[in-house]
Amino acid sequence: MEPASHGLRESATFDRATIHAIQRAAETGIYDIRGWGAKRRLPHFDDLLLLGASMSRYPLEGYRERCDTDVVLGTRHAKNPLRLATPVTIAGMSFGALSAQAKESLGRGASEAGTSTTTGDGGMTPEERGHSKHLVYQYLPSRYGMNPDDLRAADAIEVVLGQGAKPGGGGMLLGQKITERVAGMRTLPVGIDQRSACRHPDWTGPDDLAIKILELREITDWEKPIYVKVGATRTYYDVKLAVHAGADVVVVDGMQGGTAATQDVFIEHVGIPTLAALPQAVQALQELGVHREVQLIVSGGIRGGADMAKALALGADAVAIGTAALIALGDNHPKYDADYRELGSAAGYFDDYQDGRDPAGISTQDEELSARLDPVEGGRRLANFLRVMTMEAQTLARACGKAHLLHLEPEDLVALTIESAAMARVPLAGTQWIPGAGL
Amino acid sequence: MATLIDLAESPVRELNQALHEAPSASWRVLNPRGAHAVACGIRDNLTVDVEGHVGYYCAGMNQHATVTVHGNAGTGVAENMMSGTVRVRGNASQSAGATGHGGLLVIDGDASARCGISMKGVDIVVGGNVGHMSAFMGQAGRLVVCGDAGEALGDSLYEARIYVRGTVKSLGADCVEKEMRAEHLAELAELLKAAERDEDPAGFRRYGSARQLYHFKVDNTAAY
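Since the model is a prediction, treat every value here as computed from it, not as a measurement. (Residues numbered from 1 in each chain as written. Chains lettered and ligands numbered in written order. Predicted model: local features only at pLDDT ≥ 70, side-chain atom pairs only at ≥ 80, totals over all residues.)

## What to know about the sheet that holds strand 11 (residues 226–231) of chain A
Two modes of strand pairing occur in sheets, parallel and antiparallel, and in both the strands are linked by backbone hydrogen bonds. Residue and element names in this part refer to chain A. In spatial order, the strands read 5-15-14-12-11-8-7-6; together these 8 strands make up an open sheet with parallel pairing. Each of the sheet's edge strands pairs with one partner strand only, and the pair in question is strand 5 (88–90) and strand 6 (116–118). The mean inter-strand angle of the sheet, taken between neighbouring strand axes irrespective of direction, is 30°. Bridge analysis of strand 14 (residues 295–299) against strand 15 (residues 318–321) gives 3 bridges, and the strand direction is parallel. Following the sheet pairing, Ile297 is matched in strand 15 by Ala318. (Pairing = 2+ DSSP bridges. Helix = DSSP H or I, 4+ residues; strand = E, 2+ residues; numbered from the N terminus. Axes fitted to C-alpha atoms, helices over the stretch in contact; angles between N-to-C directions.)

Structure representation (structure tokens):
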């Protein structure tokens, strides 16, 4: 019997997922830890539309007129800025959270597409460095595996203050993924539940960060671009402070950004949507007179060329993808549905990255499961996806008459909802109304 | 003869570039006047004597070099050092030797809060006292305190070992006093000798992790 067909009514407040969560908590006595990002519905790039050219604007021909995609990151202070073929990069994800095969796949795919990939809270592996043409090395509170040789081997350094899935929280990796290799890289006992610090151990606040950035530049002879990554919360202030601290690039990760392991309550209830954060970041950069001089990378729920085009139109210089990249590798693929169901999940629902039993061989350290992911094939799939994203964004940009993806501008956008109009600071479609403008 | 660099005349950038290129094995740095990032990122077996006080991150990420500060050091001296020896003749500010992976850091005077925070294999010998939260989340290596230790010593400790000669104001979560066995007396004697100190190892107590927080358990809720 289908309950609804018999007039039974499910509570909107206590829906089935909520009931399950209460029952699970009552049974286990501990909060739910999971992977993925926020699953609740949020104002997002879907709530924006691009205004293609017609009479008052002049479009570009799809297959004949150029729409360039190259972007340079780190032009402010670094001797060797990153020159990428497309403004979509791969976000930081650790070896440990991901299998060596997944990390290699990300490196191969990004390199084939001419873009960068990023280490994570666990250090740099030789495989990752070897397969990544452009590798961004994260500098995190834990400093697991941090060493000056890898710092010098990196193409850019990303000082991580937070991530969108858990602004204010430290890394987490459960014991089933702390294998001998992972433990060795992090100087931890094998099999423990790792809890990373949420604050950096040797600096506090933006004034100290300026000195920390100076030190990193001195160690690497001012060659590498230095990024500062923040989880989206008080983005306007955080971006201003990051610029004052000397960042070449600011990375803003919205609350849809993914994680390998975090408390569900943290993922769903802390931070602000990417759409709300991006205009704040751009405003901060513009007010400081450094928009486009300090580049802005935006991540958190970027799923394709449309999201990318809209983020660029709002003023980002590039976007970063994490969850979408893993899906491109095979995460949540229907071919693993039976395996997911054995774990109590299903294709399209799987978020137990913390558990280490990922049937797709991505968020696991199990040798047999990891072996399911062929890095060459994974790299090919990711490169394909990155190419499609880029071509989709080009299609939209040409329609708006832009000869470069970075020529997209807020004027090309309208909003479908009042919320998204207020957050993105573009007019509600068919009106001149930007809620909150001029206040 | 040591190569002389006077920071009253040359910027720190020039000093560090020279130390990274390492045309000389012996260096003397004058007038540091609290400058930040002095002698950081050295990767060769150099000897560097800094004549005065330094700011943040002196000798950061040191590899192989012997760096001596003839004065006091600001925040994060020898942070993330990998090898070699860093010695502070005076006192050190907070986070001395933070996240250090190897080598020996000696502070002749006192060290402030969070000395050896998140240490990952470095050995630290402090002649005087250390401030609160020292060796917080220490993963590996040894911290020797010849004076007293402040509050919450060794909080959330992993496998780092701590030796204290004086009093400990309080121990942090999951840090306990442990038996001082012969092998510990022996390693402590070696560390004191390396730091050129003459304290008797028998006068120290040993602290380490109770390893009760290694796994998330509902019973530990209060400790989180």
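That shown, we press on.
## Looking at the sheet that holds strand 10 (residues 175–178) of chain B
Residues and elements named next belong to chain B. With respect to topology, 11 strands assemble into an open sheet ordered 1-2-3-4-5-6-7-8-9-11-10, the strand pairing being mixed. Whereas interior strands pair on both sides, the edge strands pair on one side only; in this sheet they are strand 1 (3–6) and strand 10. Mean inter-strand twist for the sheet, computed between neighbouring axes without regard to direction, equals 15°. Bridge analysis of strand 3 (residues 47–51) against strand 4 (residues 66–69) gives 4 bridges, and the strand direction is parallel. Directly across from Val50, in strand 4, lies its bridge partner Val69. Along the sheet, helix 2 (residues 182–194) makes contact with strand 6 (104–107), strand 7 (120–126), strand 8 (140–145), strand 9 (161–164) and strand 11 (205–209), crossing strand 8 at roughly 70°. (Contact = placed C-beta atoms within 7 Å.)

## Considerations on the nonpolar core
Grouped together as the largest cluster of nonpolar side chains are 201 residues, with contacts concentrated most on Val250, Val252 and Val319 of chain A together with Ala39 and Val144 of chain B. Contact partners of Ala39 of chain B, with chain neighbours within four places excluded, come to Asn16, Leu19, Val29, Val48, Val50, Cys58, Ala59 and Val67 of chain B. (Core = buried A, V, L, I, M, F, W, Y, C linked by C-beta atoms within 7 Å. Buried ≥ 20, exposed ≤ 12 C-beta atoms within 10 Å, placed from the backbone.)

## Some thoughts on the interface of chain B and chain A
In this assembly, 38 residues from chain B lie in contact with 21 residues from chain A. Of all the secondary structure elements, the ones that give two or more residues to the side of chain B that touches chain A are helix 1 (12–21) and strand 7 of chain B. With 5 residues, the single largest contributor to the side of chain B that touches chain A is helix 1 of chain B. Here the residues of the side of chain B that touches chain A sort into 15 nonpolar, 17 polar and 6 charged. (Nonpolar A, V, L, I, M, F, W, Y, C, P; charged D, E, K, R; others polar.)

## Some words on the environment of Gly401 of chain A
Residue and element names in this part refer to chain A. For Gly401, the location among the structural elements is in the loop between helix 14 (375–399) and strand 16 (413–415). A sequence separation of 342 residues divides Gly401 from Pro59, and the C-alpha atoms of the two residues are 4.0 Å apart. Excluding residues that lie within four positions of it along the chain, Gly401 makes contacts with Ala53, Arg57, Tyr58, Pro59 and Leu60.

## Looking at unusual backbone geometry
What you tend to see is this: most non-glycine residues have negative phi, and most peptide bonds are trans. Unlike most non-glycine residues, Ala37 of chain B shows phi in positive territory, near 55°. Relative to the assigned elements, Ala37 of chain B resides in the loop between strand 2 (26–30) and strand 3.

## Description of helix 2 of chain B
All names here are of chain B. In this model helix 2 runs 18 Å from its N-terminal to its C-terminal C-alpha over 13 residues, within 8% of the 18 Å that 1.5 Å per residue would give. Taken as a whole, helix 2 has its buried residues at Leu188, Leu191 and Leu192. Angularly, the buried residues of helix 2 cover 95° about the axis, an arc narrow enough to put them on a single face. Set apart from the buried face of helix 2 by more than 90 degrees, the exposed residues are Ala182, Glu183, Ala186 and Lys193. Where the residues of helix 2 are buried, they touch strand 7, strand 8 and strand 9. Of the residues flanking the end of helix 2, it is Glu196, one or two places downstream, whose phi is positive at about 60°. (Expected span 1.5 Å × (residues − 1). Arc of directions from axis to C-beta.)

## Remarks on the packing of helix 10 (residues 305–313) of chain A against helix 14 of chain A
Each pair of packed helices can be summarised by the angle the axes make with each other and by the distance between the axes. Residue and element names in this part refer to chain A. Packing of helix 10 against helix 14 leaves a shortest axis separation of 7 Å and a crossing angle of 55°. As far as their axial angle goes, helix 14 and helix 10 are oblique. Judged by the twist between their axes, the crossing of helix 10 over helix 14 is right-handed. Of the residues in helix 14, those in contact with Gly305, Ala306, Met308 and Ala309 of helix 10 are Val388, Met389, Thr390, Met391, Glu392, Ala393, Leu396 and Ala397. Taken together, the residues of the contact of helix 10 with helix 14 sort by class into 9 nonpolar, 2 polar and 1 charged. (Parallel < 35°, antiparallel > 145°, perpendicular 65-115°, else oblique. Left-handed = near helix turned anticlockwise from the far one by under 90°.)

Any link to function would need more than the numbers given here.
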